[in-house]
Amino acid sequence: MPEKNNDLVAPVRLTDRARHEIFDTLSANKIPDTYGLRVGLKGGGCSGTFLLGFDTRAQMDQEYLVDGIKVLIDRRHLMYVLGVVVDFEEGAYGRGFTVFLPDKVSF
C-alpha cells in the first residue's frame, strides 16, 4: 500500500485557475476518487520534462492533499518537482496546463 505523507504540506503549488480546471476535468470526465493528479518528471533530472496527468497510486508514490486535490508524486521524482507551480493558461495558440519552477521557492 503506498504511503500517505502530509508532513510536507505542499510539495507543489496549484494556482486558482489550475485548481478550478482540475476539479472541472475530474467532474466532467467522471474520473473516480481513486485517481489523483500525478506530478513527475520524464527523462533525466537535468534535461527532463515535467509530467502531469491523472493516475492511480503506485507502490513508490507519496500522496499529498494540495488545496483539496489528491496529488501523487513518485518518491524518486520528489526532489525534482519540489516547489513547482501548476497553472492553467489560455491564449491565442490554445489552452492547457503549464508546470514551472518559480525563481524563488517559498513555502
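See the structure shown above.
Throughout what follows, the structure given in this document is the object of discussion. (Residues numbered from 1 in each chain as written. Predicted model: local features only at pLDDT ≥ 70, side-chain atom pairs only at ≥ 80, totals over all residues. Heavy atoms only, no water.)

### Some points on the layout of surface pockets
Next, step 1: Considered as a void within the structure, the largest pocket measures approximately 160 Å³ in volume.
Next, step 2: Lining of the largest pocket is provided by 13 residues; of these, L26, P32, D33, Y35 and K70 occupy positions nearest its centre.
Next, step 3: Counting only elements with at least two residues in the lining of the largest pocket, the list comes to α1 (16-28), β3 (35-42) and β6 (69-74). (1 Å grid on protein atoms, 1.4 Å probe; cavity = no way out; pocket = protein on both sides within 12 Å on 5 of 7 lines; lining within 4 Å. Points joined across faces, edges and corners; volume = space filled by probe spheres on them. Helix = DSSP H or I, 4+ residues; strand = E, 2+ residues; numbered from the N terminus.)

### Focus: the pattern of salt bridges
Next, step 1: Going through the model one piece at a time under the given rule, you end up with nine salt bridges.
Next, step 2: We note a salt bridge from D16 to R19, for which the minimum N-O separation is 3.0 Å. Taken together, the residues D16 and R19, both in helix α1 and three residues apart, mark about one turn of the helix.
Next, step 3: In this structure R19 comes out as partly exposed when scored by relative accessible area, which is 24%.
Next, step 4: Residue E21 pairs with R95 through a salt bridge whose shortest N-O separation is 3.5 Å. (Salt bridge = Lys/Arg side-chain N within 4 Å of Asp/Glu carboxyl O. Buried < 20%, exposed > 50% of the residue type's maximum accessible area, 1.4 Å probe, protein only.)

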